[in-house]
Amino acid sequence: MASKLEAFTHWVNEVAALTRPAKIHWCDGSDAEYQTLVQQMLADGTLIELNQQTHPGCYLHRSHPSDVARVEHLTFVCHPDEQDAGPNNHWMDPAAAHAKIDALFDGCMEGRTMYVIPYCMGPIDSPLARCGVEITDSPYVVANMKIMTRMGAAAQARIEREGKFIKGLHSTGELDPERRFIMHFPAELSIKSYGSGYGGNALLGKKCHALRIASHQARSEGWLAEHMLIVGIENPQGETHYVAAAFPSACGKTNLAMLIPPEGYRQDGWKVWTVGDDICWMRPGADGRLYAINPEAGFFGVAPGTSDSTNPNALKSIARDTIFTNVAVTTDNQPWWEGLPGTPVTDWQGRPYDAANGAAAHPNSRFTVSAKQCPTWSEMAEAAQGVPISAIVFGGRRPSLLPLVMEARDWNHGVLMGAAMGSETTAAATGAVGVLRRDSMAMKPFCGYHYGDYFAHWLSLDQPGAKLPKIFHVNWFRKGKDGKFLWPGFGDNLRVLEWMINRVEDRVDGTETPIGILPADGELKLDGLKLDPAQLDELLDVDNAGWQNELAAIGEYLQSFTPRLPERLHQEQQRVAKALDDADAQPRREATAH
Ligand code: GTP
Ligand code: SPV
Ligand code: MN
């Protein structure tokens, strides 16, 4: 026992010797501790009080204008062997990486407080959960970790019991983009992050631990750590199916996780339960099905676009006890962003709002809120064994070609669909926005090892006795010739989820096409929706020639992972390409593919 605790304190002492803080604070995760930190941050300007009448317990944080998103070009995965990082990661030799970043950490906490944050990712008593400790000099990080994870005494007790935890060291440093690195050492189960105070760069339990390090651990332990929401769909008979969906950053996970059923569905008794909005850890259970937990305890959600018409559940969740980062404010000091009623007077940088300066709220402005505040929060989110997954969904922002929904014919085909995912880039990471890039399983920025090995790991789950979920691909973002989205999206996405569940339950047949199974005529329930039939045709159109090009591009992309590309995935790409060529050789049918 004692030695397990010693390893923990030894590491803390080592870090203190390097960073030389004036004080060390061991976080207990209590509400009193949170309140004390908030008062301190209000006093030094780190937090700004928002209108406490309309938004009790809500505060605004303005990050440095150069520090508003994840920095993928400064994020490194430092495996001893460069090959293990793969072409999907930036790599640095571990010893060189430590030397480089330790030089920045040297004395960086002088005169300041160092916080030690024990946390648990996942329900505290879950065998699927994993613990970590983040050391940081940022009280803003402590407050966010308190909301986003199970932080404090209970986590510390589990760490003392197990001895094993992920070591995360963070300092906001000078916020100089030239002195900013997010480094991962999977073999050492450790993370070092310097020079950013923002989201995924600084809240180390989230992307750094729960995806980059965890995906590596998951591979050797036979499970999956994925960038997925988890949502429960309860039908009028009271049966609930759980769906896990991977969409790239700012492509709709939080929205789908909290969706409100369309009017007719609500009347019929459909309910939607939120289990997670960003990260999903799943593992095969004794019955062969995949069981999933949400390792997080809160939401770090995109603010712009969140409104009463798009995501009322999110809006209700953030009416109190929420930290807002980089949003605008109104005259009466309420938080504001594009999509809300009212008018902004101060922009996200604290300047008087002027449309000439661009959006009032930063496009990647966020809210941090406890998941318990969500009206649709599922009690199953606390279940130690997790929830059984009926369907896995992949999707991205694809203005053309990709149909509203398609189903993979088997696991291999589903893994190909995930690997082939593409999406237009968003403001969630620094860099150009709206550029189409491949983002396999929405994990391009988060897979902690070689994508070829990762695809092989996915394929390896298909074993005798496994009862794997069906795999689907969706696209809420297909546009018509007028440049407008063809599909209304948001709550109406339930119509697509219902079709998936009907497929899982074998209640509908779908239509086979070379690219997968699409809804047959009449299988998508569209009652109460004003959707032009021509629009539906376009949403479900399979453009053979376009798809032949797509398959060639997918083939080329997959080849970039040789020699580690699994032969099975290559063969699957060849199979679909051939099916398209064969369809081309056949005389044209009169109707489109659905
Ligand atoms: P991260 O937290 O970055 O991982 O993002 P996320 O995947 O949770 O994305 P989120 O749900 O916050 O949505 C991001 C943006 O996509 C918001 O501006 C939404 O309004 C928009 N969006 C979400 N769902 C839909 C949809 O069904 N249709 C359309 N057109 N837009 C959507
Ligand atoms: C994402 O970018 O996918 C996010 C926000 O969920 S961050 O925490 O910054 O990773
Ligand atoms: Mn995310």
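Criteria and cut-off values
Residues numbered from 1 in each chain as written. Chains lettered and ligands numbered in written order. Predicted model: local features only at pLDDT ≥ 70, side-chain atom pairs only at ≥ 80, totals over all residues. Heavy atoms only, no water. UniProt positions renumbered as here; feature names shortened; annotations may be inferred. Core = buried A, V, L, I, M, F, W, Y, C linked by side-chain atoms within 4.5 Å. Buried < 20%, exposed > 50% of the residue type's maximum accessible area, 1.4 Å probe, protein only. Contact = heavy atoms within 4.5 Å. Helix = DSSP H or I, 4+ residues; strand = E, 2+ residues; numbered from the N terminus. Polar contact = N/O pair within 3.5 Å; in protein donor to acceptor, adjacent residues only side chain to side chain. Expected span 1.5 Å × (residues − 1). Phe/Tyr/Trp six-rings, centres within 6.5 Å; stacked < 30°, edge-to-face > 60°. Lys NZ or Arg CZ within 6 Å of the ring centre and 35° of its normal. Near = heavy atom within 4 Å. Nonpolar A, V, L, I, M, F, W, Y, C, P; charged D, E, K, R; others polar. Domains from an automatic or database assignment.

- In the annotation of an unreviewed UniProt entry, the chain is listed under the name Phosphoenolpyruvate carboxykinase [GTP] and assigned to Rhodanobacter panaciterrae.
- On record in UniProt, under Catalytic activity (unreviewed entry), the comment for the chain is "oxaloacetate + GTP = phosphoenolpyruvate + GDP + CO2".
- Comment text from UniProt for the chain, heading Subcellular location (unreviewed entry), reads "Cytoplasm".

Topic: the nonpolar core
Then, number 1: Counting residues in hydrophobic clusters, the biggest one holds 143 residues, and the most contacted among them are Ile 392, Phe 455 and Trp 458.
Then, number 2: In contact with Phe 455, not counting residues within four places along its chain, are Val 415, Ala 419, Ser 440, Met 441, Leu 558, Phe 561, Leu 565, Pro 566 and Leu 569.
Then, number 3: One finds Ile 101, Cys 120, Cys 131 and Ala 155 within the second-largest nonpolar core, a separate group that totals 29 residues.

Details of the UniProt feature "binding site: Mn(2+)" (unreviewed entry) in the chain
Then, number 1: If you check UniProt for "binding site: Mn(2+)" (unreviewed entry), the listed places come out as Lys 207, His 227 and Asp 278 in our numbering. For the residues just named, distributed over 72 residues, the greatest C-alpha separation is only 9.4 Å, placing them together at one site.
Then, number 2: Mapped onto the elements of the fold, Lys 207 is located in helix H8 (residues 205–221).
Then, number 3: Beyond its immediate sequence surroundings of up to four residues, Lys 207 is in contact with Arg 70, Gly 200, Arg 212, His 227, Asp 278, Ile 279 and Phe 446.
Then, number 4: One can find His 227 in the loop between strand S11 (224–226) and strand S12 (228–234).
Then, number 5: If we ignore the near neighbours within four places in the chain, the residues touching His 227 are Lys 207, Leu 211, Ala 245, Ala 246, Phe 247, Pro 248, Ser 249, Lys 253, Asp 278, Ala 442, Met 443 and Phe 446.
Then, number 6: Only 3.1 Å separates the side chain of His 227 from the side chain of Asp 278, close enough to count as a polar contact.

Details of the UniProt feature "binding site: GTP" (unreviewed entry) in the chain
Then, number 1: Taking the numbering used here, the UniProt-annotated feature "binding site: GTP" (unreviewed entry) corresponds to Ala 250, Cys 251, Gly 252, Lys 253, Thr 254, Asn 255, Arg 366, Arg 397, Phe 490, Gly 491, Asp 492 and Asn 493. Across 244 residues of sequence, these annotated residues are also dispersed in space, with a maximum C-alpha separation of 24.2 Å.
Then, number 2: Relative to the helices and strands, Cys 251 is located in the loop between strand S13 (240–246) and helix H9 (253–257).
Then, number 3: Taking the relative accessible area as the measure of exposure, Cys 251 reaches 2% and is therefore buried.
Then, number 4: In this structure, Cys 251 is in contact with Arg 397, Ser 423, Thr 426 and Phe 477, ignoring residues within four places of it in sequence.
Then, number 5: With respect to the helices, strands and loops of the structure, Asn 493 is situated in helix H14 (residues 493–504).
Then, number 6: Classification of Asn 493 by relative accessible area gives buried; the value is 4%.
Then, number 7: Ignoring anything within four residues of it in the chain, the contact list for Asn 493 reads Leu 256, Leu 259, Trp 476 and Trp 487.

Things to note about the side chain of Glu 550
Then, number 1: With respect to the element layout, Glu 550 can be found in helix H16 (residues 544–559).
Then, number 2: Setting aside residues up to four positions removed in sequence, Glu 550 forms contacts with Arg 398, Leu 401, Leu 402 and Arg 438.

Description of helix H17 (residues 567–585)
Then, number 1: Taking 1.5 Å per residue, 19 residues should reach 27 Å; H17 reaches 27 Å between its end C-alpha atoms and fits that length.
Then, number 2: The secondary structure elements touched by the buried residues of H17 are helix H12 (411–419), helix H13 (451–460) and H16.

Points about the packing of aromatic side chains
Then, number 1: Taken as a whole, this structure holds 22 aromatic pairs when the rule is applied.
Then, number 2: With 5.4 Å between their ring centres and 55 degrees between their planes, Phe 8 and Trp 26 make a pair best called tilted. Highlighted residues: Phe 8 in helix H1 (residues 2–19) and Trp 26 in strand S1 (residues 23–26), separated in sequence by 18 residues.
Then, number 3: Residue Phe 8 is classed as buried on the basis of its relative accessible area, which comes to 1%.
Then, number 4: Judged by its relative accessible area of 35%, Trp 26 falls in the partly exposed class.
Then, number 5: What links up through ring pairs into an aromatic cluster is the set Tyr 449, Tyr 451, Tyr 454, Phe 455, Tyr 557 and Phe 561.
Then, number 6: Stacked on the ring of Phe 165, the Lys or Arg Lys 167 has its end atom at 5.4 Å from the ring centre.
Then, number 7: For Lys 525, the ring lying beneath its charged end belongs to Tyr 265, and the centroid distance is 4.5 Å.

Thoughts on the site of ligand 2
Then, number 1: Around ligand 2, the structure places Arg 70, Gly 199, Gly 200, Lys 206, Lys 207, His 227, Ser 249, Asp 278, Phe 300, Arg 366, Ala 428 and Phe 446.
Then, number 2: Residue Asp 278 places a side-chain N or O atom 3.4 Å away from an oxygen atom belonging to ligand 2.
Then, number 3: Secondary-structure elements contributing two or more residues to the shell around ligand 2 are helix H7 (199–202) and H8.
Then, number 4: Considered class by class, the residues forming the shell around ligand 2 number three nonpolar, four polar and five charged.
Then, number 5: Per-domain counts for the shell around ligand 2 show at least three residues from each of domain 1 (2–46 + 70–221) and domain 2 (225–296 + 378–543).

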